[in-house]
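The chain contents come next:
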Amino acid sequence: MIKRIWLVLSVLFILLGAGAQERTLLPRMKITRSTKIRKAVYQFAKAPENKKSILVEGSDIVVDFNNAELVGSTSSQQPDEFSGIGIVIMNSRNVTIRNLKVKGFKIALAGGNTTKLTLENCDLSYNYRPRLNSTGEKEDISDWMSYHHNEKDEWMRYGAAIYLQGCGQATIRNCKVTGGQNALMMSSCNNAMIYNNDFSFNSGIGIGMYRCSNNNILYNRAIFNVRGYSHGVYNRGQDSAGFLVYEQSDSNLFYKNNVTHGGDGFFLWAGQSTMDSGKGGCNDNRIIGNDFSYAPTNGIEVTFSRNMIAGNRIFECDNGIWGGYSFGSIISNNQFRNNRVGIAIEHGQENKIAYNIFSRDKEAIRLWADTGATGDWGYPKYRDTRSLDYRILSNSFNTNPVVFDLSNTENLRIFNNTISDAGKTYKNEPTMAGLDTLLHDGTEDETVMDSIGPIPVIANPNDPFKGAGTYAGRKNIMMTEWGPYDFRSPIIWNTNPTDSSGNMEFDIKGPKGAWTIRKIIGLKDLSARSGTIPGTLTARRDSSAGTDISLELEYKGSAITTPFGAAIPAGKPYVFSFSRFFQPVAWTISWFAMDTSVYNPLKTGDLFAPNVRVAPVKTEHSDRLDYGWWGGLKAERNYGQFITMASGEGTFKQGQYELSITWDDAIRVYVDNKLIVDEWVPSRYDFDTSPHKNIRLELGGTHQFRVEHLGIGDFAVLSFRIRKAGPGQGLGK
């Protein structure tokens, strides 16, 4: 009895002592030993920028954050204004971070030069994400991202929930990231175990890897990591992806992950060093048993590399697999359905395509080589880039208008396939050479799924595919200006954004509840003033109201989470809205030929040389400036370099406006003869993306605008839009 009392007292003493030792977080705090953090919301927004971070450093440390929440922003800031790093783990070994919540930072958690870092049960949602400029009607080129270089941590400019550099043998499990741009980004990180995580509904990348090898990525849910899509209007992806694998990342395993609705589902590129030298690649990765369906672009993109792709599901993508310059790869036991092209490979060699099922893809397999495509880049100088030496066997083709589209390809062995209800078996057959369709004795009849290699055993793996049918189809990708709609709050979705008839059609989606109209601008003849969710609404544009359209509804119903992460309890009113605004400006646009080897406006600052009179090569009038040029300006002939001069006038209701400007290569913008944008030095933007600026102005009455723009290289863009300042479509208040 006495022993039992002492045991109870001892346990009580330990528990009380542990509670008394809970630590309170402070800006710039350094943690060097195991500890438990007092549960609270810690607001670090007012801390100086270089003094916000919590630093963890040392060996054999366990930090239990006890579901404490670290907040780096104020309630008035928008996600593209978030800055700083919440938690930093540096120069450490065997560190565990658990039960942590971080939001409102550019990077929630950063790890560097740390071995055996474990992150578990952490929620790092609602950190940095940019405001997107593409709309339902038209893509904005500035939304494209570029991940081609990260030797100097260039990826950090895009922010991340988790950014790891040089962290070997990491374990990341049971973590969540939503409502950001990038979830997990890794550079020079090997031998990691990444499993049972949910990295979904972000506007960039789910998991990104750069020079990362021998990692295991299993049982993760990484759906709707996407941008650059408007259903039925454009499907661009803009280099978003569920999984991104770049630059000499070898021998990684991707097993049983749900990665649907990504810009690309899986995006692998060998890297710039391979492009220059012809050596290396992202080789020997095993991509097995995943779902990469409903990608606006490619379900799987694997280029300039050798890999295994087996047992995956790839439905309703542009290309199921895009495998440009792939060699020695195995594509086996996959299911393709309703893709534009099931498998598309240019300049591929010695690839095996076997035991796959193709159903209703417009083209099942397309293989080709472009004649004269070597150019002056490094890879084809060192590598044979012909399209040749394929084995295509034991596949099932069902209701494909074209089964094989083969051009400039040689030495194909195509045999033992079954074809049902095909429109055409071979297309471009005359350009093939060395086609063998005979079944030879002893030909490989094993399935690749019998030899996929070892799979790590995970205790209690999640089922990332549970409920996946709820989101089936690309139609469920609905991009707001802050990223993909996540189905956790009501939204008004315009289903006919390019219709010019004056009719507007809306789906009202979200958790179950009821809606009523609070405010209408620019619409008439509404089909209803209230209803339930899900529901529909139609209306007509009111031409007498100009080009300003706004529809504001109030919701009451289930508990919801807003696009910015706020929890709204059941029954509490929530206001959500749709808006569209177009401000016409009467523009006169003239284009002039330019040759920077003779006279360079970038160096002089003046558009034309002194005492030289230049006539425009093209002139037009428009109510908007929205141009993109690939390969120069096309007038009476093609101009590789050119000057754009545009002047215009517009009349405004008094209010706050935002000038949204995308350009490439140089631009100056004047409002009422005042210079407000001076971007005359293209080298300031050394990444492979087009720059963008938003300028807020108070406008009222009639105003004059002038734009001077230079197109210098193979690509140029000029987009000048005026929008009302404030929340956009799909956002609640």
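Residues numbered from 1 in each chain as written. Predicted model: local features only at pLDDT ≥ 70, side-chain atom pairs only at ≥ 80, totals over all residues. Heavy atoms only, no water.

Attention shifts here to the overall build of the chain. Within the chain, the secondary structure is distributed over four helices and 60 strands. Expected size for 733 residues packed as a compact globule is a radius of gyration near 27 Å; at 28 Å, the chain falls within 12% of this value. Dimensions of the chain along its principal axes, counting C-alpha atoms only, are 105 × 75 × 55 Å. Counting only residues that meet the buried cut, the chain has 54% of its 733 residues in that class. In the chain, of all internal contacts separated by at least 6 residues, the share reaching a separation of at least 24 is 61%. As presented, the chain carries roughly 30,900 Å² of accessible surface, and 49% of it is formed by carbon and sulfur atoms. Side-chain charges of the chain comprise 79 positive and 75 negative groups, with the mean position of each set lying 9 Å from the other. (Helix = DSSP H or I, 4+ residues; strand = E, 2+ residues; numbered from the N terminus. Rg over C-alpha atoms; globule rule 2.2 N^0.38 Å. Buried < 20%, exposed > 50% of the residue type's maximum accessible area, 1.4 Å probe, protein only. Contact = heavy atoms within 4.5 Å. Areas by Shrake-Rupley, 256 points an atom, 1.4 Å probe, with all protein chains shown as cover. Lys, Arg positive; Asp, Glu negative; His and termini not counted. Charge placed at Lys NZ, Arg CZ, Asp CG, Glu CD.)

Attention now goes to the pairing of strand β44 (residues 503-521). Where strand β43 (residues 491-494) meets β44, four bridges bridge the pair, whose relative direction is antiparallel. When the bridges of β44 are listed, Asn 494 appears paired with Phe 506. Pairing analysis gives ten bridges linking β44 to strand β46 (residues 530-541), with the strands arranged antiparallel. Considered in β46, the bridge of Thr 516 is made with Ser 530. Two elements, β44 and strand β47 (residues 548-557), share eight bridges in a ladder whose sense is antiparallel. Following the sheet pairing, Ile 520 is matched in β47 by Leu 551. (Pairing = 2+ DSSP bridges.)

Attention shifts here to empty space enclosed by the protein. Tallied over the full model, the rule gives two cavities of 30 Å³ or more. Of the pockets and cavities examined, the largest cavity occupies roughly 160 Å³. As for the largest cavity, its lining consists of 20 residues, of which Arg 129, Pro 484, Tyr 485, Asp 486 and Pro 563 are closest to the centre. Residue composition of the lining of the largest cavity, grouped by class: nine nonpolar, nine polar and two charged. (1 Å grid on protein atoms, 1.4 Å probe; cavity = no way out; pocket = protein on both sides within 12 Å on 5 of 7 lines; lining within 4 Å. Points joined across faces, edges and corners; volume = space filled by probe spheres on them. Nonpolar A, V, L, I, M, F, W, Y, C, P; charged D, E, K, R; others polar.)

In this structure, the second largest pocket occupies an estimated 780 Å³ of space. As for the second largest pocket, its lining consists of 32 residues, of which Trp 144, Met 145, His 148, Asp 239 and Asp 688 are closest to the centre. Those elements that provide at least two residues to the lining of the second largest pocket are β22 (264-269), β24 (298-303), β27 (319-322) and β56 (642-664). In terms of residue count, β22 provides more of the lining of the second largest pocket than any other element does, three residues in total. Here the residues of the lining of the second largest pocket sort into 14 nonpolar, eleven polar and seven charged.

Right, let's talk about the environment of Ile 330 for a bit. Among the structural elements, Ile 330 can be located in strand β28 (residues 330-332). When the C-alpha atoms of Ile 330 and Lys 352 are compared, they prove to be 4.9 Å apart, with 22 residues separating the residues in sequence.

One finds Ile 87, Ile 97, Leu 109, Leu 124, Phe 266 and Ile 365 to be the most contacted residues of the largest nonpolar core, which totals 82 residues. With five residues, the top contributor of residues to this core is strand β5 (residues 59-71). In this structure Ile 87 touches Ile 54, Val 56, Phe 65, Leu 70, Leu 100, Val 102, Ala 108, Leu 109 and Ala 110, once residues within four positions along its chain are discounted. (Core = buried A, V, L, I, M, F, W, Y, C linked by side-chain atoms within 4.5 Å.)

Nothing here speaks to function; it is geometry throughout.
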